[in-house]
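# Results of the structural survey
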Amino acid sequence: TNVHYYDFVLRETNITKNCTSWSLLLVNDSLPGPTIQVHKGDLVFVNVHNQGDYGVTLHWHGVKQPRNPWSDGPEYITQCPIPPGTNFTYEVNFTTEEGTLLWHAHSDWTRATVHGAIVILPEEGNTYPFPKPDGEEIIVLGSWYSQGDELNAVLAEDLDEGADVPRSVGYMINGEFGDFVACSQDSTYHMYVDYGKTYHLRIINAAVSAELFFAIADHNLTVVGMDAAYTKPLVSPYIMLSPGSTIDVLFTANQTPGRYYMAARRYSSESTDVTNFDHVVTTAIIQYSGNYSLDSSPIFPNRSLPSYFDYDAADSFIFMLRSLASEGHPSDVPLNITRRMFIVASISEILCPHHDCVIGPTTIGSSLNNQSWENPSTDVLQAYYKNISGVYTADFPDFPPVFYNWTGDDMPEESGVSDKVTKVKMLEYNESVEIVFQGSDILRGAESHPMHMHGYSFYVVGHGLGNFDNVTDPLNYNLVDPVLVNTFAVPRDGWIAIRFVANNPGVWFWHCHIDRHMSWGMETVFIIKDGDTEETSMRGPPSYMPPCEDSYNIARM
Ligand code: C2O
Ligand code: CU
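Criteria and cut-off values
- Residues numbered from 1 in each chain as written.
- Chains lettered and ligands numbered in written order.
- Predicted model: local features only at pLDDT ≥ 70, side-chain atom pairs only at ≥ 80, totals over all residues.
- Helix = DSSP H or I, 4+ residues; strand = E, 2+ residues; numbered from the N terminus.
- Buried ≥ 20, exposed ≤ 12 C-beta atoms within 10 Å, placed from the backbone.
- Contact = placed C-beta atoms within 7 Å.
- Pairing = 2+ DSSP bridges.
- Axes fitted to C-alpha atoms, helices over the stretch in contact; angles between N-to-C directions.
- Arc of directions from axis to C-beta.
- Domains from an automatic or database assignment.
- Nonpolar A, V, L, I, M, F, W, Y, C, P; charged D, E, K, R; others polar.
- Core = buried A, V, L, I, M, F, W, Y, C linked by C-beta atoms within 7 Å.
- pLDDT = per-residue confidence, 0-100.

### Quick look at the overall build of the chain
Check the secondary structure of the chain and you find 5 helices and 32 strands. Relative to its full complement of 557 residues, the chain shows a buried share of 50%. Taking contacts inside the chain between residues at least 6 apart in sequence as the whole, the part at least 24 apart equals 79%.

### Observations regarding the sheet that holds strand E1 (residues 3–17)
Ordered by their spatial adjacency, 4 strands build an open sheet running E2-E1-E4-E6, and the pairing between neighbours is mixed. Edge positions in the sheet fall to strand E2 (20–27) and strand E6 (87–93), since each has one partner strand and no second. In this sheet, adjacent strand axes meet at a mean angle of 25° when their direction is disregarded.

### Thoughts on the sheet that holds strand E5 (residues 58–61)
Sheet architecture is open: 4 strands sit in the order E3-E8-E7-E5, paired in mixed fashion. Each having just a single partner strand, strand E3 (36–39) and E5 make up the two edges of the open sheet. Strand after strand, the sheet turns through a mean of 20° between neighbouring axes, direction not considered. For strand E7 (residues 99–105) and strand E8 (residues 115–121), the ladder comprises 6 bridges, and the chain directions are antiparallel. Residue pairing across strands places Leu102 opposite Ala117, the latter belonging to E8.

### What about helix H2 (residues 311–318)?
Of all the positions in H2, only Ala314, Phe317 and Ile318 are classed as buried. Taken end-on, H2 shows its buried residues confined to a sector of 90°, consistent with a single buried face.

### Description of the domain arrangement of the chain
Per the domain assignment, the segments making up the chain are domain 1 (1–127), domain 2 (130–326) and domain 3 (339–536). Across the contact, 27 residues belong to domain 2 and 31 residues belong to domain 3. Only strand E15 (229–236) and H2 provide two or more residues apiece to the side of domain 2 that touches domain 3. By residue class, the composition of the side of domain 2 that touches domain 3 is 11 nonpolar, 9 polar and 7 charged.

### Considering the pairing of strand E27 (residues 458–465)
Among the 8 residues in E27, 6 count as buried, and that is most of the element. With 6 bridges connecting them, E27 and strand E30 (residues 494–501) associate as antiparallel partners. In the strand pairing of E30, Tyr459 is matched with Arg499.

### A short note on the nonpolar core
Leu141, Leu212, Ile239, Val249, Ile498 and Val525 are the most contacted members of the largest nonpolar core, which totals 140 residues. Looking at this core element by element, the count peaks at 6 residues for strand E18 (residues 259–268). Excluding anything up to four places from it in sequence, Leu141 contacts Tyr171, Ile173, Ile204, Asn205, Ala206, Ala207, Leu212 and Ala264.

### Let's talk about the pairing of strand E32 (residues 523–528)
A regular strand carries its side chains on alternate faces of the sheet. For E32, a buried count of 6 out of 6 residues is recorded, marking the element as mostly surrounded by other parts of the structure. Alternating residues of E32 divide into Glu523, Val525 and Ile527 and Thr524, Phe526 and Ile528, and every residue in both groups is buried. Across 4 bridges, strand E24 (residues 424–427) lies against E32 in parallel orientation. Looking at the pairing, Met426 lines up with Ile527 of E32. Sheet analysis places strand E31 (residues 506–512) next to E32, joined by 6 bridges and oriented antiparallel. Bridged to Trp508 within E32 is Phe526.

### Regarding unusual backbone geometry
Following Leu31, the chain continues into Pro32 via a peptide bond in cis, with omega recorded as -10°. Along the polypeptide, Pro32 turns up in the loop between E2 and E3. Phi is positive for Asp493, close to 60°, though the residue is something other than glycine. One can find Asp493 in the loop between strand E29 (487–490) and E30.

### Describing the environment of Ser448
Position of Ser448 among the secondary structure elements: in the loop between strand E25 (432–439) and strand E26 (449–453). Of the residues examined, Ser448 has 24 C-beta atoms within 10 Å and is grouped as buried. In sequence terms Ser448 and Thr422 are 26 residues apart; their C-alpha atoms lie 24 Å from each other.

### Description of the environment of Ala228
Relative to the helices and strands, Ala228 is located in the loop between strand E14 (221–226) and E15. Ala228 gets classed as buried once you count the C-beta atoms within 10 Å, which come to 26. Between the alpha carbons of Ala228 and Ile36 there is a distance of 14 Å; along the sequence they are 192 residues apart.

### Some thoughts on the confidence of the model for the chain
Predicted coordinates in areas of low pLDDT are best not read in detail. With 88% of its residues at a pLDDT of 70 or more, the chain shows a mean pLDDT of 89. Across residues 152–164, where pLDDT falls below 50, the model places 27 contacts with residues more than four positions away in sequence or in other chains. Every residue in residues 551–557 scores below 50 in pLDDT, and together they form 9 contacts with partners more than four places removed in sequence or on other chains. Both scores are available for the predicted complex, with the pTM at 0.93 and the ipTM at 0.98.

Here's what the structure looks like:
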């Protein structure tokens with residue numbers, strides 16, 4: 001095992017973008033933040049120095065952290081925030097992951113500016129399951145907010161009231177808007193390529209609330225991995241990434257030497273306010289070496305980049321992905337299920353007893369099985385480990401309280417109203433779990449929900465539009481080479497079925513990775529109990545965890 005040490009200094013940093021100066025919370029003064037690069041099997045310590053004004057936590061998205069939720073990061077789930085002026089060291093263990101992931105803040109919407117790439121190379125001496133590329137490049141897709149400098153303060157106040165939150169005004173490639181946004185052309189990101197060579201792009205969707213399409217003009221992309229697990233090579237003119245998803249692609253520079261745009265744009269889920277921008281497509285330039293005129297504008301992926309709300313394009317890409325399922329990278333989908341759950345994800349109305357609702361007895365929120373999550377003030381992990389009562393209850397339901405036509409028009413009134421609760425799901429060690437996530441369009445019409453699980457990857461064995469049918473749909477499950485991921489979108493007006501073995505004891509967050517939906521309550525926590533031996537039990541806490549009773553925490557609540 002190689003051990004790596006990183007220092008992450010979080011502080012407000014002045015940067016100029018879109019003709020304006022902003023003070024943003026960044027890590028080591030950069031946007032995106034620093035890259036963590038390891039080999040599979042390595043161990044990393046990240047010392048986080050919080051020099052900002054608010055409590056904050058970091059999360060290693062997609063790293064399973066076996067038996068060690070203490071370093072996982074989501075605030076009030078596995079730890080309390082790191083107080084300003086203090087530091088906390090995370091221990092990140094890379095065991096089974098191989099490919100690309102991301103790290104990000106896990107406190108309110110801080111992750112809009114606090115995120116970066118994680119690159120996990122094969123174990124030393126091992127090779128990729130594809131020919132070694134001639135070069136590689138990290139592509140971090142991010143979102144930009146007009147209220148960027150006050151994002152956190154604005155949100156801390158507004159979210160409690162269920163008020164609407166700042167709208168993203170644009171997107172970025174490696175921290176740059178690209179050629180279609182005012183005052184940005186000089187800093188457009190460039191990737192330099194040689195004709196005939198093949199490049200590995202590690203593409204990360206770090207945008208806060210948007211699913212994004214990505215394409216390169218005139219060049220096909222070959223997907224070879226997703227969420228740090230290899231896939232069967234899939235050739236496609238474009239890809240789609242949910243927030244939190246990471247996709248490894250290869251492309252060959254085999255077109256007439258020149259300049260080509262790579263571009264990303266939102267396809268759903270977040271309304272965009274374009275006031276300050278000429279165009280909401282973010283671009284970077286692929287520039288071939290050679291002698292040609294730089295006078296004409298680069299070629300735009302007109303034909304390959306799908307347009308807004310092209311749900312069919314999103315579905316037809318994402319549902320073609322298959323895990324590699326080869327001898328070196330076998331798939332081990334659980335076949336004998338011991339625990340079945342059916343979880344309905346809804347945007348819904350929330351009863352307000354715990355909140356000062358400005359508008360009446362209910363407010364807008366979101367829920368899983370009609371339970372709208374409320375963060376406790378002591379983290380769930382600590383309460384579980386120390387047996388502190390009154391922090392959560394262990395009665396998250398396996399099924400929704402009422403069944404009806406989730407994707408139809410006629411829904412019973414009550415089904416749309418949820419309670420604010422802190423209900424977790426307890427699982428025995430090693431249970432084989434199947435969860436069907438059903439999307440519902442109770443309140444706002446259909447939206448897709450990229451569901452993300454901490455501590456695990458899961459197989460997506462089935463999907464469909466409309467209502468899940470528990471007799472016929474399981475007959476079509478793929479139990480041979482389903483894709484293995486940590487985040488996967490429940491399509492609008494549809495469902496997905498996922499499977500995993502509960503073999504990582506601890507406290508693990510499950511949530512929609514569209515932060516607006518998460519801040520509204522679309523999440524729960526799974527507690528996987530200890531097995532019989534020490535190796536199958538959760539580890540104890542490190543000697544220091546950030547305190548939960550700090551005055552700044554109380555002030556924020
Ligand atoms: Cu990307 Cu709860 O995380
Ligand atoms: Cu959602």
